[in-house]
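Structural characterization, general
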Amino acid sequence: MSATTIDYGKLYSADLPDPAPRWAPFPKYYFVGGNNDPEQVPIEGLIEAAASVLRREGSKLAIYNLGLGPQGYPGLRQFVADKCERQRGIKAPVDDILITTGSGQGLDMISKLLVDAGDTVLCEEYCYQGAMTRFRKLGAKLVGMKLDADGIVIDALAQQLAGLKAQGITPKFIYTIPTIQNPTASILPLDRRHALIKLAHQYNVAIFEDECYADLLWDCVEAPPALYALDPGCVIHIGSFSKSLAPALRLGYVISGWEIMSRLLPLKSDSGTGALDQMVVAEYFSQNFDRHVGHLNGVLRGKLDTMTEAVAREFGSVAECWAPKGGIFLWIKLPANVDVRKLIKPAADAGIVFNPGPEWAVSASNSSNCLRLCFAMPDKQTIRDGVAELARVCYEQTGIPIRSGNVPRT
């Protein structure tokens with residue numbers, strides 16, 4: 001196309017993000033993002049579900065929101081209600097459920113509902129980048145909550161809240177991913193959940209609970225009830241089908257009482273989440289959820305084992321891995337003198353992309369030697385080869401790890 005004759009540089013609105021680069025194909029070793037295993041998309045099942053629901057209800061596509069209201073397709077909302085009661089202990093009527101265009105839309109709406117410029121928001125010290133970006137864009141000041149292998153350290157949080165109160169600061173909310181935390185994949189124990197809710201009431205701080213990975217649990221792992229199940233009066237809950245089925249089907253949900261729901265609905269300005277997607281997922285998952293997710297979790301656990309074995313072989317004792325209890329990510333800590341940001345370009349030159357720790361943390365001061373690897377999309381051999389290449393790049397840039405397996409590097 002010919003270049004525009006209009007000088008748009010003088011017309012753009014203020015505070016736009018940086019221009020996007022042109023899309024490029026995935027590199028050979030793609031360890032970023034929340035993508036899942038392409039082989040596990042139940043294509044035939046989705047085809048059958050689409051044909052069935054279209055024959056039965058396809059004429060409703062002629063009307064915005066299927067003519068059934070702005071909260072989403074009732075069949076999908078009912079499935080969410082049933083699933084969340086059975087697996088997360090949440091007893092919510094369908095009127096307390098809003099279907100969103102991915103959980104990202106829920107994050108956007110709840111952020112706009114609660115955050116003003118200058119507000120303080122508490123996030124886990126290692127945290128989902130997309131949430132932090134949204135909070136900061138609205139002018140929030142983020143304060144990191146200390147984590148250990150079981151999630152938020154309650155005693156440390158209590159001290160933080162007392163200290164903030166002494167400064168006259170009441171945080172707007174606590175943003176937490178208590179079940180398969182992103183990026184550490186920990187699960188907050190039941191006693192800590194009760195203690196967290198007690199602190200929320202004590203300091204009049206809402207809890208924003210993100211459970212986008214809660215369906216992805218290993219067979220031997222049980223998760224306590226969702227925070228919303230324990231106290232719906234102080235919690236807003238979101239979830240997603242991106243990880244349990246497919247990210248490109250942009251479907252998530254919010255669960256809240258009507259007081260909150262009635263304020264969220266005016267913020268959903270998209271004329272409705274894709275109705276066909278909702279109809280197909282409701283049709284398929286109402287009959288196949290347990291079987292599909294059980295199989296998917298087995299596949300993901302196998303890929304995690306492959307990745308942890310590869311990290312142990314290629315990095316040895318210099319890499320400390322948090323032990324995931326589900327999900328699709330491995331959070332790795334390297335020696336303190338390694339700044340993973342310096343590995344980004346040489347790794348990319350070798351066909352490797354990964355998530356550097358500072359992008360997934362409130363502060364770079366305790367995360368510059370950390371990185372997140374996604375093991376869901378690549379096959380096992382690609383995981384092995386990619387980790388080996390990453391270790392080679394790391395050695396060339398930092399001098400560690402000095403061995404690959406038991407063989408010294410030269």
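All values reported here derive from a predicted model rather than from experimental measurement. (Residues numbered from 1 in each chain as written. Predicted model: local features only at pLDDT ≥ 70, side-chain atom pairs only at ≥ 80, totals over all residues. Heavy atoms only, no water.)

1. Thoughts on the environment of leucine 276
If you trace the backbone, leucine 276 turns up in helix α9 (residues 275-315). Separated by 210 residues in the primary sequence, leucine 276 and leucine 66 place their C-alpha atoms 9.5 Å from one another. In this structure leucine 276 touches Leu54 and Leu61, once residues within four positions along its chain are discounted. (Helix = DSSP H or I, 4+ residues; strand = E, 2+ residues; numbered from the N terminus. Contact = heavy atoms within 4.5 Å.)

2. Let's talk about the sheet that holds strand β10 (residues 252-255)
The sheet built from seven strands is open, its strands ordered β2-β10-β9-β8-β7-β3-β4 with mixed pairing. Two strands in the sheet have a free side with no partner beyond their single neighbour: β2 (97-100) and β4 (141-145). Between one strand and the next, the sheet's axes are offset by a mean angle of 20 degrees, whatever the strand orientation. In terms of strand pairing, β2 meets β10 through four bridges, oriented antiparallel. Residue pairing in the sheet places threonine 100 in a bridge with glycine 252 of β10. Sheet contacts for helix α6 (residues 190-203): β7 (173-176) and β8 (206-210); angle to β8, the most-contacted strand, approximately 145 degrees. (Pairing = 2+ DSSP bridges. Axes fitted to C-alpha atoms, helices over the stretch in contact; angles between N-to-C directions.)

3. Structural notes on the pairing of strand β3 (residues 120-124)
On a regular strand, each side chain points to the face opposite its neighbour's, so the side chains alternate between the two faces of the sheet. Of all five residues that make up β3, five are buried, and the element is covered over most of its length. Taking every second residue as pointing to the same face, both faces of β3 are buried, with Thr120, Leu122 and Glu124 on one and Val121 and Cys123 on the other. In this structure, β3 lies alongside β4, joined through five bridges in parallel fashion. Paired with glutamate 124 across the bridge in β4 is methionine 145. Of the crossover connections in this fold, the one passing from β3 over helix α4 (residues 129-137) to the parallel β4 is right-handed. As judged from the three bridges shared by β3 and β7, these two strands associate in the parallel manner. Looking across to β7, one finds that valine 121 is bridged to phenylalanine 173. (Buried < 20%, exposed > 50% of the residue type's maximum accessible area, 1.4 Å probe, protein only. Right-handed = clockwise from strand over helix to strand, strands pointing away.)

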